[in-house]
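# Coordinate analysis (summary)
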Amino acid sequence: MLRKIIKILLILIFLVILAGVGSVAGIFYYYAQDLPQITSLKDYHPYTMTEVFADNGELIGRFGIEKRKIAPIEEIPDLLKKAFIASEDSRFYEHKGLDFFGIARAMVKNVEAGKIVQGGSTITQQVTKSLLLTPERKFKRKIKEAILAYRIEKYLSKDEILFIYLNQIYLGHGMYGVEMASQRYFGKKTRDLNLAEMTTIAGMPKAPSRLSPIKFPKRSKARQHYVLEQMFDRHFISEEEFNEALDTSVVLVSKADPSAKTPYYTEHVRRYLEKKYGYDKLYKEGMQVYTGVNVAWQQAARRGIDKGLRDLAKRRGFRGPLQHLEDETAKTDFLAELEKERLQMVDSGLMPGDYCKALVLIVDDTKKMVTVDLGGIQATLALKEMAWARRPKSDGTRYARAQIKKPSAALTVDDVVLVKIKKVGDGETPEIQVRLEELPEAEAALLALESHSGLVKAMVGGKDFQTSEFNRAIQSRRSPGSAFKPIIYAAGLDNGLTPASIFLDSPIVYKDDGNDWSASWKPRNYEQKFYGPTTVRQALIHSRNLVTIKILRQVGIRKVINYARKMGFASTLNADLTLALGSSGVSLMELTTAYGVFANQGRLIKPIFVKRVEDRHGEILEERESVATGGLELSSLLPPDSKPVISAQTAYIMTSMLADVVKRGTGRRAAQALKRPLAGKTGTTNDYFDAWFMGFAPQLVTGVWVGFDELKPLGRHETGARTACPIWIDFMQAALAEMPPENFKVPDGIVFANIDEKTGLLADVKSKKTLFECFKEGTAPTEISPSAVSEELEESLFGNE
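The following paragraphs examine the structure supplied in this document.

The rules behind these values
Residues numbered from 1 in each chain as written. Predicted model: local features only at pLDDT ≥ 70, side-chain atom pairs only at ≥ 80, totals over all residues. Heavy atoms only, no water. Helix = DSSP H or I, 4+ residues; strand = E, 2+ residues; numbered from the N terminus. Buried < 20%, exposed > 50% of the residue type's maximum accessible area, 1.4 Å probe, protein only. Contact = heavy atoms within 4.5 Å. Areas by Shrake-Rupley, 256 points an atom, 1.4 Å probe, with all protein chains shown as cover. Salt bridge = Lys/Arg side-chain N within 4 Å of Asp/Glu carboxyl O. Pairing = 2+ DSSP bridges. Axes fitted to C-alpha atoms, helices over the stretch in contact; angles between N-to-C directions. Patch = residues over 30% accessible without salt bridge, like charges linked within 9 Å, V, L, I, M, F, W, Y side chains within 5 Å. Lys, Arg positive; Asp, Glu negative; His and termini not counted. Charge placed at Lys NZ, Arg CZ, Asp CG, Glu CD. Phe/Tyr/Trp six-rings, centres within 6.5 Å; stacked < 30°, edge-to-face > 60°. Expected span 1.5 Å × (residues − 1). Arc of directions from axis to C-beta. Core = buried A, V, L, I, M, F, W, Y, C linked by side-chain atoms within 4.5 Å. Polar contact = N/O pair within 3.5 Å; in protein donor to acceptor, adjacent residues only side chain to side chain. Parallel < 35°, antiparallel > 145°, perpendicular 65-115°, else oblique. Nonpolar A, V, L, I, M, F, W, Y, C, P; charged D, E, K, R; others polar. Left-handed = near helix turned anticlockwise from the far one by under 90°.

A separate point is the overall build of the protein. The secondary structure content of the protein amounts to 23 helices and 24 strands. With 801 residues in all, the protein has 50% of them scored as buried. Of the contacts formed within the protein by residues at least 6 apart in sequence, a portion of 69% connects residues at least 24 apart. By element, 53% of the accessible surface of the protein is carried by carbon and sulfur atoms, the whole surface being about 38600 Å².

Here it is, written out as structure tokens:
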């Protein structure tokens, strides 16, 4: 009887087990029907970031939906792998996707702790959950996860699974994968991490936000301790390594936007890439982009613009304090915030050259001194450091040049002002001297091209990218004024003129078609004078408006416009005589490109920002190739579409005349500062709305524009020479510092003749002013200048008016 009962129980147990197994099998079979394919994991292809690099390989930009950089498994340190395995899945190399022992252990640990301290999911399950399933927390999802984990283990090797996991996992602050986390938190590649840093990262997957070493350093340290313990328990590290890592301070790097040094340049490259390759390629496919920007030059350009605009702001006059605080609570709060900001800065924000706000405490006219508070530290502001702070005139066009005679003419107690640290003394309580500053209102742009390659080496589109992303070097269209004149003179040289051709600088009046003389146009020179017979060279050197208009009339407006088109101008150009005075709106990039034609012996080379683009696998998508041209020795890459648009002879003669503009004309300041062969031209528009300086050395072409976004005067006498040229000089001094001076090369087909500057003919022994002039072969004068010209007669006929 007993045997029968036992037999029946065994049968029942067997049936129950069979039913259970059948049920489980049925459940697994049911949920296995619509599972995603795991074959895609063989070609793991996650979203990665496009990276943009400067000419020296420095990172200047990243674009992507997910901040991820793929690290090959062989480049990930073994200790970093072991750190993740120890903390996330200690039996990774033993189980087949599901770790039942680990699940049981986790349950015990969680019960003992009274909270969840360990999870039961394996690394394989985490890969499954991340890549193949939705994040929903449902029983059916866990069943699918288990089935897929088992399948993955059969389909992929352990190293392949670990490779996917370490590149896919989210590690806080928008970072995916160990390589990006390593660079974000420690500024290193994974191969350079120490054990303390590795275990900090390995401790984050459980709760990336709550275990952030940036936001919650204590929690992060505790989790790191746990990871180290797990590694030690599994004999991954020695006791000595454990203690050393635990005692090692983890130094985090501050978050830095790689594009902060080159914001306008990087943004332009981003737009180019998105337009050419599309959104998905840019933000998901991780291209490698190599540009021509020189970061050091870019920084020099920004410094030059900042200084130039601040100097302009001071010349325009003091607009008054930033604010005035009378309420004691407001003053206390302001100083407390000022001190807090200062203490967060390097060297407490008191390095010479730093800018900061200050509260005026004392205004002493007797001592000609102002005392200001920088936030817990006092400083002195001498009258000589604020003498410029006169108030601008109400008409907004002309500003008094007189300096203030006493501090109270500009400041009162409780004013909040902007100052620049001028000098910091020695000692515990150093004497600090400051200079009164003014926030710039005007804008500026700079573009620099490598002459022989067209590579854009620096581009600044405004004074502050954070305030305005509008790129004034490319997107803005402004009147270039006299900076456009060289285009007209070059057209003249190709239409029968020479540098020695004579034009009469005399009054001209153009009436409208209706013969209404009251609406007539009476152009004048900047100096409001007329100079009589003038050579083409002299007219360009001194920027004579009337001669330029006459050259335009002689060559023909339509012919000049077509000439400008082939030199790179795409903007609409005014088809009237005002074209001679640069009335048409053009971009700084167009104008710089055109000057590049002169510097590059007549070849038009379109500006190049991107040198090479590679896809995520290293395949080249585009690359600028070297081109041999006309025997030139090119120092860098030339684009295939570069082409000659004017003759080398015309380009040289224009360069020679523009070199004289720098030596003897409106660009003299540049020659005095750089003391090397240069060529260039200033530009100033009516009412001083725009100021330009366009210039080049044989190696580099640079253009600078200064103006307001809304059309209004920069101020009387704020010409290209005064306002734009100093910015150009500051940049070129930095850019050319390590380049030896070069002379402009004389091409074949150029001859020289000694001429009389008055007549443009061959010099006579009695000629008072002579010039060794350059000509195209066959165009030099053959007639000798008459020596009996009466200067008194000339003065009576063409004298100054």
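Once the structure has been displayed, the description carries forward.
According to the stated counting rule, one finds 40 salt bridges in the structure shown. A salt bridge links R270 to E274; its shortest N-O distance comes to 2.8 Å. Of this pair, R270 and E274 both sit in helix α11 (residues 263-277), 4 residues apart, which is roughly one turn of that helix. By relative accessible area, E274 is classed as partly exposed at 29%.

Here the focus is the sheet that holds strand β2 (residues 59-63). One open sheet accounts for 5 strands, arranged β2-β1-β5-β17-β18; its pairing is mixed. Of all strands in the sheet, those bounded by a partner on one side alone are β2 and β18 (620-623). Ignoring which end each strand starts from, the neighbouring axes of this sheet average 15° apart. Of the strand pairs in this sheet, strand β1 (residues 50-53) and β2 are connected by 4 bridges, and their pairing is antiparallel. Directly across from T50, in β2, lies its bridge partner F63.

With that out of the way, let us pick up a negative patch on the surface. On the surface, a cluster of negative charge is made up of E240, E241, E244 and D247. For D247, the location among the structural elements is in helix α10 (residues 239-247). Look at D247 and you get exposed, because its relative accessible area is 64%.

Each aromatic ring pair is characterised by the separation of its centres together with the angle its planes make. By the definition in use, this model includes 18 aromatic pairs. Judged by centre distance (5.8 Å) and plane angle (85°), the ring pair of F318 and W388 falls under edge-to-face. Note that F318 is positioned in the loop between α13 (295-316) and β6 (323-324) and W388 in the loop between β9 (378-382) and β10 (415-424), a separation of 70 residues in sequence. Classification of F318 as buried rests on a relative accessible area of 2%. Accessibility expressed as a relative area gives 13% for W388, which makes it buried.

We now examine unusual backbone geometry. Positive phi, close to 60°, is recorded for Y688, a residue that is not glycine. Within the fold, Y688 resides in the loop between β20 (679-684) and β21 (690-696). With phi around 75°, H717 is a residue other than glycine that occupies positive phi space. You can call H717 partly exposed: its relative accessible area is 27%.

Glancing now at helix α14 (residues 328-344). Taking 1.5 Å per residue, 17 residues should reach 24 Å; α14 reaches 25 Å between its end C-alpha atoms and fits that length. Burial in α14 covers these residues: K331, F334, L335, L338 and R342. All buried residues of α14 project into a common sector of 95° when viewed along the axis, lining one side. Residues T332, L343 and Q344 are exposed on α14 and point more than 90 degrees away from its buried face.

What follows concerns the sheet that holds β21. Sheet architecture is open: 5 strands sit in the order β13-β12-β22-β21-β20, paired in antiparallel fashion. The sheet terminates laterally at β13 (456-460) and β20, the two strands that pair on one side only. Sheet twist, expressed as the average angle between the axes of neighbouring strands with direction ignored, equals 5°. Relative to strand β22 (residues 700-707), β21 runs antiparallel, the two being bridged by 7 bridges. Residue pairing in the sheet places A691 in a bridge with V706 of β22.

It is worth spelling out the environment of P499 at this point. Mapping P499 onto the fold places it in the loop between α15 (485-493) and β14 (502-505). Put simply, P499 and A780 are 281 residues apart on the chain and 9.5 Å apart in space, counted from C-alpha to C-alpha. Once you skip the residues sitting within four places of it in the chain, P499 turns out to touch L493, T535, V536, R537, I653, M657, E773, C774 and F775.

Membership of the largest hydrophobic core comes to 84 residues, with the highest contact counts inside it found for I487, I551, F598, F609 and F696. With near-sequence residues (within four places) excluded, F598 lies in contact with P486, I487, A490, M567, I646, A651, M654, T655, L658 and F696. Judged by nonpolar contacts, the second largest core, of 41 residues, contains V127, A181, F186 and L193.

A cluster of nonpolar side chains, namely I5, I6, I8, L9, L10, L12 and I13, defines an oily patch on the protein surface of about 630 Å² accessible area. Relative to the assigned elements, L10 resides in helix α1 (residues 2-31).

What follows covers the side chain of R544. Structurally, the position occupied by R544 is in the loop between α16 (536-541) and α17 (545-555). Here R544 falls in the buried class, since its relative accessible area comes to 8%. Within the structure, R544 has its side chain in polar contact with the side chain of E527 (distance 3.3 Å). Sequence-distant contacts of R544, that is, excluding residues within four places in its chain, are made with K485, Y489, D505, N525, E527, Y531, Q538 and A539.

With respect to the secondary-structure elements, H452 resides in the loop between β12 (443-450) and β13. In sequence terms H452 and A599 are 147 residues apart; their C-alpha atoms lie 8.1 Å from each other.

Moving on, we get to the packing of helix α9 (residues 217-233) against α10. The N-to-C vectors of α9 and α10 enclose an angle of 170°; their axes lie 10 Å apart at closest approach. On the basis of the axis angle, α9 is roughly antiparallel to α10. The segment α9 lies against α10, with K221, Q224, H225, L228, E229 and F232 engaging E239, F242, A245 and L246. Class assignment for the residues of the contact of α9 with α10 results in 5 nonpolar, 2 polar and 3 charged.

One way to put it is that α15 packs onto α17 with a least axis distance of 10 Å and a crossing angle of 45°. Judged on the interaxial angle alone, α17 and α15 are oblique. The handedness of the crossing between α15 and α17 is left-handed. On α17, the residues touching K485, I488, Y489, A491 and G492 of α15 are N545, V547, T548, I551, L552 and V555. For the contact of α15 with α17, a count of residues per class yields 7 nonpolar, 3 polar and 1 charged.

Position of T48 among the secondary structure elements: in the loop between α1 and β1. A residue is classified by how much of its surface remains accessible, and T48, at 5% relative accessible area, is buried. Apart from residues no more than four positions distant in its own chain, T48 is found in contact with E66, R68, I70, Y283, K284, E285, G286 and R616.

This part is about the pairing of strand β7 (residues 355-364). For β7 and β10, the ladder comprises 5 bridges, and the chain directions are antiparallel. Among the inter-strand pairings, A358 is bridged to a residue of β10, identified as V417. The sheet contact formed by β7 and strand β8 (residues 369-373) spans 5 bridges and is antiparallel. Of the residues in β8, the one forming a bridge with V363 is V370.

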